[in-house]
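Spelled out, the chains give:
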Amino acid sequence: MGKVLLIAVCVMFFVVLFNFWLCVVVPWTELWFGSTHGLIGFSLLHTLLFLTAINYYKAATVDPGYVPKDWTPVGYSSSELDYAIVLAKQMKPIHRRYYSHPVRFCTVCDSFKPPRSHHCNECNRCLQRMDHHCYFLNACIAYYNHKFFISFMVGGFVSSLCLIVLHSLRAFEIIHLLKDPDFYLHPLEGVGVVSSLLILLVATLLLGSILFPHLTLLFDNTTTIEVWERHWANEDIKLLKSPHSSSNSFKYQYPYDKGRLENFREVFGVSQMTWCLPLPPEKDGLNYPPIVPPPIANLLAANLNNKIYFDTGPQKSKEYSIV
């Protein structure tokens, strides 16, 4: 599925680019190259298209940030590491979001994983600061290609809007010229304008629906997985009923929000000169501070032989046994 979507995106990009040159650039040659403003606009638009294509290529092909198989957290004794492994293997997946131990262990990869990393079932690997698996790229979006992904989305959205305007102006011009009996419209030109407008409209809606939520996550220094992880952890904590618990006000707090500017710099780099360039991050995604869980995590970890009840509504209580 991922490879099919990847090929489809590439085909649509080249179709739109070909139609743009056939239907807009060639008929308006004098407008593009006959004045300084036209030449500047032509250069800026094609630079944006080039950077968009490069960012898409790099987001799909670079190592997104696979966690090394031999990675081991530093500062912990062998007994602490062994306890973390035992704890991870004893807990069921539904309870691992309450993980009380600062050391995280992936039971699928059978190896340690740093904070903010997650296992991708599609890639069958753990990834540093994983955001999601993108089928349009046939790749995971993680630490090393997150910048390329966001840059592609921004470039694709802006360039699509520009191309929609240009194709629409050309379409109106063609409609006006059709009133002249001496005007001849080549069938390929008419089909090219209409097909490009349809593709661009769909692409703009799709890119916009993905881009703006991801910009919000970018400025909050949060990943897609962390949003859902935090949401469901807090929801389950509210529903948790146990004789050992005296309060349901516990909440997971993620310590990664450093302010909008610093959050942006963490993905795009410190230097403003490199923000628009397709360059990789300057650091790695292995050294985030561990998430400090609420006290309820210690309760779950301390009751491995007990049964925890989640009240999911009238006559819908579910019983989970931690084994």
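Predicted, not measured: the structure shown is a model, and the values here were computed from it.

(A) Structural view of the pattern of salt bridges. Summed over the entire model, instances satisfying the criterion amount to six salt bridges. Where E266 meets R116, a salt bridge forms, and the shortest distance between an N and an O atom there is 3.8 Å. Here the residue E266 occupies a position in helix α8 (residues 260-268), and R116 occupies one in the loop between β2 (111-113) and β3 (118-120), the gap between them amounting to 150 residues. Classification of E266 as buried rests on a relative accessible area of 18%. One salt bridge connects K258 with E266, and the closest N-O pair in it is separated by 3.0 Å. For K258, a relative accessible area of 54% corresponds to the exposed category. Each of R116, E226, K258 and E266 takes part in one network of salt bridges that share partners.

(B) Quick look at the side chain of S111. On the secondary structure map, S111 appears in strand β2. For S111, a relative accessible area of 10% gives the class buried.

(C) Representation of empty space enclosed by the protein within the structure. Under the criterion given, the structure shown has two cavities of 30 Å³ or more. Taken as a whole, the largest cavity holds about 50 Å³ of empty space. Lining the largest cavity we find R129, Y143, H146, K147, E266, V267, P281 and Y288. The class makeup of the residues in the lining of the largest cavity is four nonpolar, one polar and three charged. There is about 30 Å³ of room inside the second largest cavity. Split by residue class, the lining of the second largest cavity holds four nonpolar, one polar and two charged.

About the thresholds
- Residues numbered from 1 in each chain as written.
- Predicted model: local features only at pLDDT ≥ 70, side-chain atom pairs only at ≥ 80, totals over all residues.
- Heavy atoms only, no water.
- Salt bridge = Lys/Arg side-chain N within 4 Å of Asp/Glu carboxyl O.
- Helix = DSSP H or I, 4+ residues; strand = E, 2+ residues; numbered from the N terminus.
- Buried < 20%, exposed > 50% of the residue type's maximum accessible area, 1.4 Å probe, protein only.
- 1 Å grid on protein atoms, 1.4 Å probe; cavity = no way out; pocket = protein on both sides within 12 Å on 5 of 7 lines; lining within 4 Å.
- Points joined across faces, edges and corners; volume = space filled by probe spheres on them.
- Nonpolar A, V, L, I, M, F, W, Y, C, P; charged D, E, K, R; others polar.

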